[in-house]
Amino acid sequence: MRDHIRAGADSEQLQGGLGVDTRLGTHKPGNVARGMDDAGLRQLSIDVDVELKSVARGQYDSSRHWRALFDHLDNAISARRQTIKRIEGQLMVAGGHGHQRHNDPNSNVARGVCHITRMGGEVNEMTTNHEAFLRAKSVIPGGVNSPVRAYGSVGGDPRFMTAAHGAYVTDVEGRDYVDLICTWGPGLLGHAHPQVVEAVQAAAARGLSFGAPTQGETELAEAIHARVPAVEQVRLVSTGTEATMTAIRLARGVTGRDLIVKFAGCYHGHVDALLAQAGSGVATFALPGSAGVTAATAAETIVVPYNDVDAVEAVFAEKGAQIAAVITEPAAANMGVVPPKPGFNKALRRITAEHGALLIFDEVLTGFRVGPAGWWGLERDASVAAGEAVWTPDLFTFGKVVGGGMPVAAVGGPRALMEQLAPLGPVYQAGTLSGNPVAVAAGLTTMQLADAAVYAKVDAVAAQLSAAVDAALDEVGVPHKVQRAGSLFSVFFGEAAARDGVRNYADAQAQDVYRYAPFFHAMLDAGVSLPPSVFEAWFCSTAHDETAVAKIIAAFPAAAKAAASATR
Ligand SMILES: Cc1ncc(COP(=O)(O)O)c(C=O)c1O
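Residues numbered from 1 in each chain as written. Predicted model: local features only at pLDDT ≥ 70, side-chain atom pairs only at ≥ 80, totals over all residues. Heavy atoms only, no water.

## Quick look at the sheet that holds strand E6 (residues 301-304)
Part 1 of the reasoning: What the 7 strands build is an open sheet, ordered E4-E10-E9-E8-E7-E5-E6; its pairing is mixed. The open sheet has two edge strands with one neighbour each: strand E4 (233-237) and E6. Looking at each pair of strands side by side, their axes are set apart by 20° on average, direction ignored.
Part 2 of the reasoning: Examined bridge by bridge, strand E9 (residues 395-398) and strand E10 (residues 409-413) share 3 bridges and lie antiparallel to one another. Each bridged residue has a counterpart across the sheet, and for Phe396 the counterpart in E10 is Gly412.
Part 3 of the reasoning: On the sheet, helix H9 (residues 215-227) packs against E4, E9 and E10 and is oriented at approximately 125° with respect to E4. (Pairing = 2+ DSSP bridges. Helix = DSSP H or I, 4+ residues; strand = E, 2+ residues; numbered from the N terminus. Axes fitted to C-alpha atoms, helices over the stretch in contact; angles between N-to-C directions. Contact = heavy atoms within 4.5 Å.)

Dropping the structure here:
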């Protein structure tokens, strides 16, 4: 990262290497950085921002200001590594933007100017996660823009992030964590993969949004079709929520029926019709659903236990003619990871087909993450290996990996169904930012890079980590069960989970939830960021190299001990 910043420095400064350039006699506040206490380092941070601010006002002289800035940075390295990281993080973030006077986004001046722009012209004092959270809470409900991020079920201050590269995220205090959230799934290739970032920068330079079709959207649709041939047509949207909302509207539109069947503990985004007994944040906060969903809407959703074919049969026996669709996570990963029982998804296909209802595979989380063709692809391969006929659901929804960390999601299926969407058909669906060219560039590049070797690597990391956490908890006698679905895995605590496994939401809720918070915080203290809820999957990436994996594994024993000594 440091080299990247320095790449734009004057050659004279570069010749000075990492040490202080002794030819700069004028401005050397950085010299006092050595041995500074926290207050001094804060002041140093402010000094750097003031430098940048003078650049923003045009009162700059590159030989003085930029040399002085690097002087600060060099000395801060000796004083405290974490401070330099935070400052570098700011510069890196700023480096992603352009500026009217300095069009080269890699120039130091553009970085500095855009940093000031980003901060709204304010001097950015070093802050703590606690301060950042307090400030956020005053203007953002709960301080977060998605509930699970608030650390509600584990306690403490959420980490406010400033940068993410490879397997690591960096918080406002300059601390690095090995990341097992991977932005809740999209980060299959690790954070800020250079080729993805390059594609995004190139697309942004061509225009942020056109409100008109682009060829990139067609290419992304073709890439999805190539992996999941049953998806003959694709409609791109911006979030998984929009994708599932569109899928159920389409199902209702084509069947002329109102009822939707979903499974307890599955999460399909915050669509009114799909929030009943939902997983993810709804499970984390132990909510039955959401206020604000009308009774009429709730009455049109039938919730059945996951992995329970008999319950599905019973619902269809009673109301089959009114059911538009069954929507399922083909491998559930929003109540912790609960793989389908062998034959469960195939039974859903049979039952829905018998009753003229659609089957929607919500692969927002699993799609292009657990394998090149998502969970459906794994089942297809198993069918082929067993010499059985290949079957497909009617509609798929995708998100997360398909956007490579930017807002892209999709709904797809056979042409006959998809052509029921506007403008060809009567089912209306639209979006100002749908198929956004910058987001599509991230998604398309990610899909192009996600080859067999990527999936093999992520699977291997998941296998190593899940075995290691299992062993660490065994070692201290904490009853638990580690469950995996492809490269997704999570830990359930408790005797029942250890004995019988977790097959549905009732099992997941019955676990010893109280053991997770101390486990989570011990990992965090050791520099590993796990999902802040026991009901979420753990995600890894190709960037989780030996060093990152070793750091995670080294943290497990103390976390396991913390879980062991937890009390209700
Ligand atoms: C299976 C599934 N469907 C839908 C969604 C909603 O996606 P988004 O958060 O992009 O709206 C999620 C989000 O986690 C998900 O896991």
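Next comes the rest of the account.
## Overview of the nonpolar core
Taken as a class, soluble globular proteins show a tendency for nonpolar side chains to be buried jointly.
Part 1 of the reasoning: Judged by nonpolar contacts, the single largest core of 103 residues is most densely connected at Ile224, Phe519, Trp538 and Phe556.
Part 2 of the reasoning: Take this core: its biggest share by element is 10 residues, from helix H18 (residues 452-475).
Part 3 of the reasoning: Among the domains, domain 2 (233-438) and domain 3 (453-564) are the pair contributing at least three residues each to this core.
Part 4 of the reasoning: Apart from the residues within four sequence positions on either side, Trp538 is in contact with Leu180, Val469, Ser487, Leu488, Phe489, Ser490, Val491, Tyr516, Phe519, Leu530, Pro531 and Phe556.
Part 5 of the reasoning: Counting residues in each nonpolar core, the second largest holds 19 residues, with Ala325, Ile327, Leu395 and Val411 among its members. (Core = buried A, V, L, I, M, F, W, Y, C linked by side-chain atoms within 4.5 Å. Buried < 20%, exposed > 50% of the residue type's maximum accessible area, 1.4 Å probe, protein only. Domains from an automatic or database assignment.)

## A short note on helix H7 (residues 129-139)
Since one α-helical turn is 3.6 residues long, residues separated by three or four positions face the same way.
Part 1 of the reasoning: All buried positions along H7 are accounted for by Asn129, Ala132, Phe133 and Ala136. Burial along H7 is one-sided: seen end-on, the buried residues are contained in an arc of 100°. Across from the buried face of H7, at angles greater than 90 degrees, the exposed residues are Arg135 and Ser138.
Part 2 of the reasoning: Structurally, H7 contributes buried residues whose contacts are with strand E2 (168-171). (Arc of directions from axis to C-beta.)

## Points about the confidence of the model for the protein chain
Part 1 of the reasoning: The predicted model of the protein chain averages 86 in pLDDT, with 78% of residues at 70 or higher.
Part 2 of the reasoning: The low-confidence segment residues 1-35 (pLDDT under 50) makes 70 contacts with residues lying over four places distant or belonging to another chain.
Part 3 of the reasoning: Counting interchain partners and residues more than four positions distant, the pLDDT-below-50 stretch residues 94-124 has 61 contacts. (pLDDT = per-residue confidence, 0-100.)

## Thoughts on the packing of H18 against helix H22 (residues 546-564)
When two helices pack together, their arrangement is captured by the angle between the axes and the distance separating the axes.
Part 1 of the reasoning: Packing of H18 against H22 brings their axes to within 8 Å, and their N-to-C directions diverge by 30°. Judged by the angle between their axes, H18 and H22 are roughly parallel. For H18 against H22, the interelement crossing comes out right-handed. Along the contact surface, H18 presents Val461, Gln464, Leu465, Ala468, Val469, Ala472 and Leu473, while H22 presents Val549, Ile552, Ile553, Phe556, Pro557, Ala560 and Ala563.
Part 2 of the reasoning: For the contact of H18 with H22, a count of residues per class yields 13 nonpolar, 1 polar and no charged. (Parallel < 35°, antiparallel > 145°, perpendicular 65-115°, else oblique. Left-handed = near helix turned anticlockwise from the far one by under 90°. Nonpolar A, V, L, I, M, F, W, Y, C, P; charged D, E, K, R; others polar.)

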